[in-house]
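# Observations on the three-dimensional arrangement
Residue strings, one per chain:
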Amino acid sequence: MKYRLTFQLHEPLSLPFQYNKILQAALLHWIGDEDFSEFLHDGGYDIQKRTYKLFSFSNIYGTYSRDTRTRKITFCDEIQIYLSFYSDESHAYVLKTIEQQTPIRFGQQFCPLTNCEWIPEVYGDCLVKTLSPISIHSTLIRPEDHRQKTYYFSPYESDFSRLIRENLLKKYQAYHGTLPREDDFKISPHASVPCRESVLTYNRFIIKGWNGIFSIKGSPELIRLALLGGIGARNSIGLGFVLQKKELV
């Protein structure tokens, strides 16, 4: 399920530019159910010593100002956050929170929920727009000193699509215990809008991702997983959240 959440601000909300960890904690606390929130934060679906959470969220949207001196972004009036889960059972936890009109909390600031919309999507070939950057990487060994190096792939490299497909297959197998009937999947930047690189810091790690409009084609099962569980790596910290723009005919 995919949701658009609107929260009212009774006073301006100031956050650091790099607010992913703060937003992640706020959303997990907002969901309310302690066991489910702990599962999303510390657990997940395991396969081959890897764990996948299969949920994601967008950047924060709303009217804002930026202060490069303090490196803070300040939102006014109201904010919107998009949130999605691959598992159907997640809907019950979110629905309970919505019914209770639970506010989201940033520090000592409580922001009441004023609107929640379910966003329907069609799981077929389509165009998608990133609402948070897509990131995919490999860990390489540097030949000169044999130290590990993380290499982040650009959407204009062929390995970008290949690695995202492999990542989706692992996620699918972790959740279902088997591979999908159809396993084809391809993602490519749409020619109309150049992709933009985005660099963020999370727990002192520098992470690179890309924003833009992408064409995705392939198995409906993998497209559903991509739209709901997130595309690429580190979805549970707010990366790889996309919104369907239109179906491809």
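Heads up: these notes are all about the structure in this document.

Conventions adopted
- Residues numbered from 1 in each chain as written.
- Predicted model: local features only at pLDDT ≥ 70, side-chain atom pairs only at ≥ 80, totals over all residues.
- Heavy atoms only, no water.
- Helix = DSSP H or I, 4+ residues; strand = E, 2+ residues; numbered from the N terminus.
- Rg over C-alpha atoms; globule rule 2.2 N^0.38 Å.
- Contact = heavy atoms within 4.5 Å.
- Pairing = 2+ DSSP bridges.
- Axes fitted to C-alpha atoms, helices over the stretch in contact; angles between N-to-C directions.
- Salt bridge = Lys/Arg side-chain N within 4 Å of Asp/Glu carboxyl O.
- Buried < 20%, exposed > 50% of the residue type's maximum accessible area, 1.4 Å probe, protein only.
- Polar contact = N/O pair within 3.5 Å; in protein donor to acceptor, adjacent residues only side chain to side chain.
- Expected span 1.5 Å × (residues − 1).
- Phe/Tyr/Trp six-rings, centres within 6.5 Å; stacked < 30°, edge-to-face > 60°.
- Lys NZ or Arg CZ within 6 Å of the ring centre and 35° of its normal.
- Arc of directions from axis to C-beta.
- Patch = residues over 30% accessible without salt bridge, like charges linked within 9 Å, V, L, I, M, F, W, Y side chains within 5 Å.
- Areas by Shrake-Rupley, 256 points an atom, 1.4 Å probe, with all protein chains shown as cover.
- Lys, Arg positive; Asp, Glu negative; His and termini not counted.
- Charge placed at Lys NZ, Arg CZ, Asp CG, Glu CD.

Across its full length, the protein holds five helices and 19 strands. A compact globule built from 249 residues should have a C-alpha radius of gyration of about 18 Å, and the protein, at 18 Å, falls within 12% of that. For the protein, the spread of C-alpha atoms along the three principal axes comes to 50 × 40 × 40 Å. The long-range fraction of contacts in the protein, counting pairs at least 24 apart against all pairs at least 6 apart in sequence, stands at 75%.

What follows concerns the sheet that holds strand E6 (residues 64-67). Strand order in the open sheet formed by three strands is E2-E7-E6, and the pairing between neighbours is antiparallel. Whereas interior strands pair on both sides, the edge strands pair on one side only; in this sheet they are strand E2 (13-16) and E6. Adjacent strand axes in the sheet meet at a mean angle of 20 degrees when their direction is disregarded. Where E2 and strand E7 (residues 72-75) come together, four bridges link them in antiparallel fashion. Opposite Ser14, over in E7, you have Thr74 as the bridge partner.

Under the criterion given, the structure shown has seven salt bridges. Note that Glu221 and Arg181 form a salt bridge whose closest N and O atoms lie 4.0 Å from each other. Taken together, the residues span a long stretch of sequence, with Glu221 in helix H5 (residues 220-229) and Arg181 in the loop between helix H4 (158-176) and strand E15 (185-189) at a distance of 40 residues. For Arg181, a relative accessible area of 76% gives the class exposed.

So, on to the side chain of Glu121. Mapped onto the elements, Glu121 comes out in the loop between strand E11 (113-118) and strand E12 (126-130). Taking relative accessible area as the criterion, Glu121 reaches 11% and is therefore assigned buried. A polar atom in the side chain of Glu121 sits 3.1 Å from the side chain of Lys2. Here the side chain of Glu121 touches Gln244 through a polar contact of 3.0 Å, landing on its backbone nitrogen. Not counting the four nearest positions on each side in its chain, Glu121 is found in contact with Lys2, Leu227, Val242, Leu243 and Gln244.

A separate point is the environment of Phe7. Residue placement: Phe7 occurs in strand E1 (residues 2-8). On the accessibility criterion, Phe7 (0% relative accessible area) is buried. For the pair Phe7 and Leu243, spaced 236 residues apart in the sequence, the C-alpha separation amounts to 20 Å. Setting aside residues up to four positions removed in sequence, Phe7 forms contacts with Trp30, Glu78, Ile79, Ile81, Thr102, Ile104, Cys111, Pro112, Leu113 and Thr114.

A few words on the environment of Leu227. Among the secondary structure elements, Leu227 is positioned in helix H5. If near-sequence neighbours (up to four positions away) are discounted, Leu227 is found in contact with Lys2, Ser84, Glu121, Val122, Tyr123, Val128, Ile216, Val242 and Gln244.

Below, the discussion takes up helix H1 (residues 20-31). In an α-helix there are 3.6 residues to a turn, and that puts residues three or four apart on one side. Across its twelve residues, H1 extends 17 Å between first and last C-alpha, which sits within 8% of the 16 Å expected from 1.5 Å per residue. For H1, the full list of buried residues reads Asn20, Leu23, Gln24, Ala26, Leu27, Leu28, Trp30 and Ile31. Note on H1: the residue one or two positions beyond its end, Gly32, has a positive phi of about 95 degrees.

With that settled, consider the packing of aromatic side chains. With the rule as written, the count across this model stands at 13 aromatic pairs. Clustering of aromatic rings is evident, with ring pairs tying together Phe36, Phe55, Phe57, Phe85 and Tyr93. Across the ring face of Phe17, the terminal group of Arg66 is positioned such that the distance to the ring centre comes to 4.1 Å. For the cation-ring pair, Arg224 lies above Tyr123, with the distance from its terminal atom to the ring centre recorded as 5.9 Å.

What helix H3 (residues 90-99) keeps buried is the set Ser90, Val94, Thr97 and Ile98. Projected down its long axis, H3 shows its buried positions confined to an angular sector of 100 degrees, all on one face. In H3, the exposed positions angled more than 90 degrees off the buried face are occupied by Ala92, Lys96 and Glu99. For H3, the elements touching its buried residues are E1, H1, helix H2 (34-42), strand E8 (78-85) and E11. Positive backbone phi, approximately 50 degrees, marks Gln101, located one or two places after H3.

Below, the discussion takes up a positive patch on the surface. Residues Lys129, Arg196, Lys245 and Lys246 make up a contiguous surface patch of positive charge. Topologically, Lys246 is positioned in strand E19 (residues 242-247).

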